[in-house]
There are 4 protein chains.
Amino acid sequence: MAHNQFEPRHYYTTIGNHPPVLEVDPGDSVSTTTVDALGRDASGNQVAERGNPQTGPFAVRGAEPGDCLVVRLDMLHPNRTVGYTRGVVAPNVLDPGFVPEFEDELEEELVHWSVDTHVGTARVSKPEGLLAGVNLPLDPMVGCFGVAPPRGQAISTATSSTHGGNMDYRGFRQGVTVYFPVSAPGGLFFIGDGHAIQGDGEIVGTGIEISFDVTFTLDLIKGKTIGWPRAESSDYLMVAGNARPLDQAVQHATTEMVQWLQQDFGLSARAAHVLLGQSVEYDLGNIFDPAYTMVCKMSKAVVAAA
Amino acid sequence: MAHNQFEPRHYYTTIGNHPPVLEVDPGDSVSTTTVDALGRDASGNQVAERGNPQTGPFAVRGAEPGDCLVVRLDMLHPNRTVGYTRGVVAPNVLDPGFVPEFEDELEEELVHWSVDTHVGTARVSKPEGLLAGVNLPLDPMVGCFGVAPPRGQAISTATSSTHGGNMDYRGFRQGVTVYFPVSAPGGLFFIGDGHAIQGDGEIVGTGIEISFDVTFTLDLIKGKTIGWPRAESSDYLMVAGNARPLDQAVQHATTEMVQWLQQDFGLSARAAHVLLGQSVEYDLGNIFDPAYTMVCKMSKAVVAAA
Amino acid sequence: MAHNQFEPRHYYTTIGNHPPVLEVDPGDSVSTTTVDALGRDASGNQVAERGNPQTGPFAVRGAEPGDCLVVRLDMLHPNRTVGYTRGVVAPNVLDPGFVPEFEDELEEELVHWSVDTHVGTARVSKPEGLLAGVNLPLDPMVGCFGVAPPRGQAISTATSSTHGGNMDYRGFRQGVTVYFPVSAPGGLFFIGDGHAIQGDGEIVGTGIEISFDVTFTLDLIKGKTIGWPRAESSDYLMVAGNARPLDQAVQHATTEMVQWLQQDFGLSARAAHVLLGQSVEYDLGNIFDPAYTMVCKMSKAVVAAA
Amino acid sequence: MAHNQFEPRHYYTTIGNHPPVLEVDPGDSVSTTTVDALGRDASGNQVAERGNPQTGPFAVRGAEPGDCLVVRLDMLHPNRTVGYTRGVVAPNVLDPGFVPEFEDELEEELVHWSVDTHVGTARVSKPEGLLAGVNLPLDPMVGCFGVAPPRGQAISTATSSTHGGNMDYRGFRQGVTVYFPVSAPGGLFFIGDGHAIQGDGEIVGTGIEISFDVTFTLDLIKGKTIGWPRAESSDYLMVAGNARPLDQAVQHATTEMVQWLQQDFGLSARAAHVLLGQSVEYDLGNIFDPAYTMVCKMSKAVVAAA
């Protein structure tokens, strides 16, 4: 069933056991909107408090702890023409003691971007003249999404953990399917923090923050227990590990990938280890917020041949 | 001038102020060979002790501390048909307490690979039957190379720092130009540890370890002081940061990239920060050895437009 | 006013915006009990789920975000004679790949300890014969306590952050006064997880876990905003930084101490930095759970002389 | 045999396989001097380059790789009345983005201290008036010492590893015996970087840097292989782990302590783990330089009772 044009009336800045705004059946799809990280909607109105306010939660009938919630990102579409970024690489991403000196100051500490979804590019609109020759290709992605975490926790949308959250990974784009571990009845799916474009790491603390029209399909794998968010694109298996330091995020993501290859793709432990050694890839997600994200990737073609 | 077929007679397992085996002029190219990480040459003979033994050092006339040594990797060619990998993802890349259980044991703890440079693929040859359907595309790269480090140090080829060393980055492939900071007269360039293929991170502790025929061109930029290894491919600017944890490697690489964009490409601090924020990329090098490597990348086309 | 013998009827395993069980005036003291980390009370009965269940929350009238909640630990007294520890140093505290081999197995994975509060020592009671000659001096402390965190979060009692939580610091003992940043109306103070004894770091994942009789006095400093839990013993100023890796915990604790010395003790920035350099001390709190704790300490006598 | 008044003529800023300045028999003691971290001697003359220049190396007859070199620190005595510290807590010890603002500037970036070895205290002598009321008790210690590292490396005296080096641990004071793993013939012992006083962590990048008269006794345990520097005071067993982040230093130190307790004190694995859990202590060494130091400590009395 398709739930069209679900209109959010409330936004959460924690991902937790909040009452569902809509309950759907496994296989249903939902069309709705998300506001930007600052809480502004398609018209630029401030309708939520800042800090990655989330649309949802959406409950899936029958979802119980120990299940796996499946989210297909059917459509991620910026629904206005202006986006915002910060203009300073974060101090935690630069050498301690390296203090950049800027020639200018920024109004409201934000750079404005003009986002053209027809041409498919974005360019700086303010400060005028900044990076005048640069048109970056759009690549819309979800910065922060996930499900209610374990133990009845309510976790800030500034951070991430096993339940997903603020992972800021460029690979969470349209067409990708994401798997989350269910820890609460209904699963409780939240989504927000759309980026028209983002560099790896979200090292200025923002992508091009913008409101989205989104459509996603929610499904359920009963009795399938996973440890960390998993995902599939047409070409890749992906696992997100969320922790600090990055070394630990790598450990979480790699361990989960080893288990995935063995459990779901029939590889022996030896085959999984040997194959990972020579064909694994890693991408960097968020390296700005309390928890960092590393994504462990494997080519589906390579895994299929194994 | 081309120094053809320089034949190494000695290999070093530290990168330090060792007497040069050949002195060349800026702009000269050198053709020589490297043994594999285990010290075995093109014929499979053990001619050096294990641990990334290096060919060199090659001195460049006129190189002095404060200069920049330029290395173009003209050719990196596996010169035999068998390579070796380990078969276990390293414990420091897996969750603490996660102990894999293998169905088999490995002879000499090594997996053997058949490397076909004509077809351009590698496959496991021993244990027989392991990953029988998998043919991985060759992508030869240098695991360990660099120049004499500062303060008269001699640093193990197991690790890396500002001088380069064991960075195990897949992007150090044929056609790439690498820049190292000169800390000793002549610069003293070392090269070894060829991999026919390697997954990101070298997470089993090896790529497909193999001996190489190599050709490289050495050049000099007088008075150009850099902090970390920089590199250029046809498409990318790259900086390697080497440290633990990965977070610190990211800090080194990003800070160096900010400075590179401002100093050599004329970007203002603001332009550099804003552009990095939305278009930076990161790759993972070594995450096995004492120092880890993260590479900060920027598209040359994007930088040129800025 | 003294609230004597408050009897808890419910225990929380998150620290969050839960309804207060008692509201007190600033300056009031409360006598109550805490169950052990496993949820067992003074009689050894399982009355709460495991995972550092907390007594509380206690609201302080007039406490608002931006204030500082003051907790004096008047009495921390083990109220039964048996305590429990784990018997294995955690894998995250040992070298990756180091797998200890034990000669024995433990029933229920727990070591039992006989706790004698009159003599003031504890010794292993089961397995029999283990460490037969060892009597460790009691040093009761609170492992997990704190106040409701910001943004309406509810954070697992397994971890810690600016709000306190599972810091497992030996210095949180009887007689010590602790300061927490208020983020929710009433502050909402929780306490639990008493340890009869604990080694630095809680490296086996437990102290000697035991139920407590506790008395504490709650007070308020209006308009006093702090960033991290601060504390005072008779001899020391202390700040707890909670994060991973430990390096970051050190950064939080040290930055907060610098500010404390300047704001409340009248030191110039220069005096604070110079004095810290030659007389700061650090203690290790929890190095077992998701967030680690480092405590930055300064002698009150030294600060008073400055 | 006592080698009295050995007068250094050369100082090294790497710890490596340098030719010994003196060869001694196991059990011999040596009296000599060390210059301060800046290269200044007892008269304040610059006689060596800055960066923890070392006196030595001293070879012990018969020492071979796989042995253990024993160093008893018989006397550590500041031999002049002025010492130097930096006056700024290092950026890597403070929160990223926290930039202190000082009311004053420091000449030569150094604070001068008047060191009175008769009274046993130090106080700031310049800038005048800074911390005028503060007299800190002297507690002389060695910041940087160790033996030639493995693989023929020569490692900067700015850092530390298995061979010792710049550990900046307050517990390396007079009366303590230190054990180093021998990796080169003769062991090759270096010593320097005396501190009249130092706060934990050396968080301003210096202790009170001063030249020393030193006496030490060198001995040998044949065939005793250790992994990390171990030490004994009258009360404690200590192990130094040197790495980044601190978490890894803890892993090295704790693993070595577990092994020490089992191998040399007859504890079963279970007894060692259980005892460590409730009585281990940790001290912080250097948290300023490339490698950080954590020290794992156990009370000798507690271990003797086990």
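Just so it is clear, the structure is predicted and the values come from calculations on it, not from any experiment.

**Q** How should I be thinking about the overall build of chain A in this particular structure?
**A** When you go through chain A residue by residue, the secondary structure sums to three helices and 21 strands. A compact globule built from 306 residues should have a C-alpha radius of gyration of about 19 Å, and chain A, at 19 Å, falls within 12% of that. Over its C-alpha atoms, taken along the principal directions, chain A stretches across nearly 55 × 45 × 35 Å. Scored against the burial criterion, the 306 residues of chain A give a buried share of 61%. Taking all contacts inside chain A whose residues are at least 6 apart in sequence as the whole, residues at least 24 apart take part in 75%.

**Q** Can you help me understand the pairing of strand β19 (residues 236–243) of chain C in this one?
**A** Within a regular strand, side chains alternate between the sheet's two faces. All names here are of chain C. Burial within β19 is extensive, with seven of its eight residues counted as buried. Judged from the three bridges that link them, strand β18 (residues 230–232) and β19 form a sheet pairing that is antiparallel. Bridging from a neighbouring strand, Ala 231 pairs with Met 238 of β19. What sits between the antiparallel neighbours β18 and β19 is a turn of three residues. Here β19 pairs with strand β21 (residues 292–299) via eight bridges, running antiparallel. Bridging across to β21, Tyr 236 finds its partner in Ser 299.

**Q** I keep staring at the nonpolar core and nothing clicks. Help me out?
**A** Generally speaking, a soluble globular protein has its nonpolar side chains buried in company with each other. Ranked by size, the top nonpolar core spans 410 residues in total, and within it Leu69(A), Leu69(B), Leu69(C) and Leu69(D) carry the most contacts. When neighbours within four sequence positions are excluded, Leu69(D) is seen to be in contact with Val60(D), Ala63(D), Val147(D), Phe180(D), Val182(D), Gly187(D), Phe189(D), Leu218(D) and Leu220(D).

**Q** It is not clear to me how the relation of the copies chain B and chain A should be interpreted in this structure. Could you clarify?
**A** In this structure, two copies of a chain are linked by a rotation about an axis accompanied by a shift along it. The operation relating chain B to chain A is a screw motion whose rotation component is 180°, with 0.0 Å of axial translation and a residual RMSD of 0.0 Å. On the angle and the small slide along the axis, the relation comes out as a two-fold axis. Distance from the rotation axis, computed per C-alpha, reaches its smallest value in chain B at Leu246(B): 2.9 Å. Most of the interface of chain B is mirrored in chain A, where 100% of its interface residues are also at the interface.

**Q** Looking at this model, I keep getting lost on the sheet that holds strand β11 (residues 141–147) of chain A. Mind explaining?
**A** Backbone-to-backbone hydrogen bonds join strands into a sheet, with any given pair of strands oriented parallel or antiparallel. Residue and element names in this part refer to chain A. Taken in spatial order, the six strands line up as β3-β5-β16-β11-β14-β13 in an open sheet, and their pairing is mixed. Single-partner strands in this sheet number two, and they are β3 (22–24) and β13 (160–161). Two strands pair when backbone bridges link them, and β11 and strand β14 (residues 164–166) are joined in this way by three bridges, in the antiparallel orientation. The residue of β14 that forms the bridge with Phe 145 is Gly 165.

**Q** Hey, could you run me through the packing of helix α1 (residues 246–265) of chain B against helix α2 (residues 269–279) of chain B in this one?
**A** Relative orientation and spacing of two packed helices are given, respectively, by the angle between their axes and the distance between those axes. Residues and elements named next belong to chain B. Two elements in contact, α1 and α2, have axes whose closest approach is 9 Å; the angle formed by their N-to-C orientations is 130°. Classed by the angle they form, the pair α1 and α2 counts as oblique. Where α1 crosses over α2, the two elements pack in a sense that is right-handed. Between α1, through Met 257, Val 258, Leu 261 and Gln 262, and α2, the contact on the second element is made entirely by Ala 269, Ala 272 and Leu 276. Class assignment for the residues of the contact of α1 with α2 results in six nonpolar, one polar and no charged.

**Q** What exactly am I supposed to notice about the sheet that holds strand β7 (residues 82–86) of chain B here?
**A** Strand order across the open sheet formed by four strands is β7-β8-β9-β10 (chain B), with antiparallel pairing between neighbours. Two strands lie at the open edges of the sheet, namely β7 and β10 (136–137) of chain B, each paired on one side alone. Contacts from helix α2 (residues 269–279) of chain A reach β7, β8 (110–116), β9 (121–126) and β10 of chain B, with the element oriented near 110° to β7(B).

**Q** Explanation requested: the relation of the copies chain C and chain A in the structure shown.
**A** With an RMSD of 0.0 Å, the operation that places chain C on chain A is a rotation of 180° combined with a shift of 0.0 Å along the axis. A high fraction, 100%, of the interface residues of chain C reappear at the interface in chain A, so the copies pair face to face through one surface.

**Q** Can you help me understand the environment of Asp139(C) in this one?
**A** By the secondary structure assignment, Asp139(C) is in the loop between β10 (136–137) and β11 (141–147). Contacts of Asp139(C), omitting those with residues within four sequence positions, involve Arg170(C), Arg173(C) and Ile197(C).

**Q** Looking at this structure, how should I read the environment of Gln174(D)?
**A** Residues and elements named next belong to chain D. When you line up the elements, Gln 174 lands in the loop between β14 (164–166) and β15 (177–181). A C-alpha to C-alpha distance of 18 Å links Gln 174 and Val 119, two positions 55 residues apart in sequence. In this structure, Gln 174 is in contact with Leu 73, Met 75, Leu 76 and Pro 140, ignoring residues within four places of it in sequence.

**Q** Even after reading the chapter, I still don't get the domain arrangement of chain A, so can you show me in this structure?
**A** Accessible area lost upon the coming together of the parts serves often as the stated size of an interface. Residue and element names in this part refer to chain A. For chain A, the assigned domains read domain 1 (2–78 + 140–221), domain 2 (82–99 + 108–137) and domain 3 (230–305). Each of domain 1 and domain 3 has a C-alpha centre, and these two points are 22 Å apart. Each partner contributes to the interface: domain 1 provides 21 residues, whereas domain 3 provides 19 residues. Elements supplying a minimum of two residues to the side of domain 1 that touches domain 3: β13, β14 and β15 (177–181). With three residues, β15 is the largest single contributor of residues to the side of domain 1 that touches domain 3.

**Q** Would you mind showing me how to read the interface of chain B and chain A here?
**A** Contact with chain B, which involves 58 residues of that partner, is made by 58 residues of chain A. Those elements that place two or more of their residues in the side of chain B that touches chain A are β7, α1, α2, β20 (281–284) and α3 (300–305) of chain B. At 10 residues, α2(B) tops the list of elements feeding residues into the side of chain B that touches chain A. Broken down by class, the residue content of the side of chain B that touches chain A amounts to 33 nonpolar, 16 polar and nine charged.

**Q** Explain helix α1 (residues 246–265) of chain C here, please?
**A** An α-helical turn contains 3.6 residues, so any two residues separated by three or four positions project in the same direction. Residue and element names in this part refer to chain C. The first and last C-alpha atoms of α1 sit 27 Å apart over 20 residues, in line with the 28 Å expected at 1.5 Å per residue. Burial analysis of α1 places 15 of its 20 residues in the buried class, the great majority of the element. Phi turns positive, to about 75°, at Gly 266, one or two residues after α1.

**Q** Explain unusual backbone geometry to me, please; I cannot follow it from the model alone.
**A** The general pattern is negative phi for most residues beyond glycine and trans for most peptide bonds. Cis peptide bonds are those with omega within 30 degrees of zero, and the linkage from Lys126(A) to Pro127(A) qualifies with 10°. Inspection of the secondary structure assignment puts Pro127(A) in the loop between β9 (121–126) and β10 (136–137). Here the residue pair Arg244(D) and Pro245(D) is connected by a cis peptide bond, since its omega of -10° sits within 30 degrees of zero. Relative to the helices and strands, Pro245(D) is located in the loop between β19 (236–243) and α1 (246–265). Of note, Asp168(C) is a non-glycine position whose phi angle comes to about 45°, a positive value. Tracing the sequence through the fold places Asp168(C) in the loop between β14 (164–166) and β15 (177–181). If you check the backbone angles, Leu188(D) has positive phi at about 65° while not being a glycine. Inspection of the secondary structure puts Leu188(D) in the loop between β15 and β16 (189–195).

**Q** Looking at this structure, I do not really get the environment of Arg173(B). What am I missing?
**A** Residues and elements named next belong to chain B. Among the structural elements, Arg 173 can be located in the loop between β14 (164–166) and β15 (177–181). Note: C-alpha distance between Arg 173 and Val 115 (58 residues apart in sequence) is 17 Å. With sequence-adjacent residues up to four places away left out, Arg 173 is seen in contact with Leu 73, Leu 76, Asp 139, Pro 140 and Met 141.

Procedures and definitions
- Residues numbered from 1 in each chain as written.
- Chains lettered and ligands numbered in written order.
- Predicted model: local features only at pLDDT ≥ 70, side-chain atom pairs only at ≥ 80, totals over all residues.
- Helix = DSSP H or I, 4+ residues; strand = E, 2+ residues; numbered from the N terminus.
- Rg over C-alpha atoms; globule rule 2.2 N^0.38 Å.
- Buried ≥ 20, exposed ≤ 12 C-beta atoms within 10 Å, placed from the backbone.
- Contact = placed C-beta atoms within 7 Å.
- Pairing = 2+ DSSP bridges.
- Core = buried A, V, L, I, M, F, W, Y, C linked by C-beta atoms within 7 Å.
- Least-squares fit on C-alpha atoms with pLDDT ≥ 70 in both.
- Axes fitted to C-alpha atoms, helices over the stretch in contact; angles between N-to-C directions.
- Parallel < 35°, antiparallel > 145°, perpendicular 65-115°, else oblique.
- Left-handed = near helix turned anticlockwise from the far one by under 90°.
- Nonpolar A, V, L, I, M, F, W, Y, C, P; charged D, E, K, R; others polar.
- Domains from an automatic or database assignment.
- Expected span 1.5 Å × (residues − 1).

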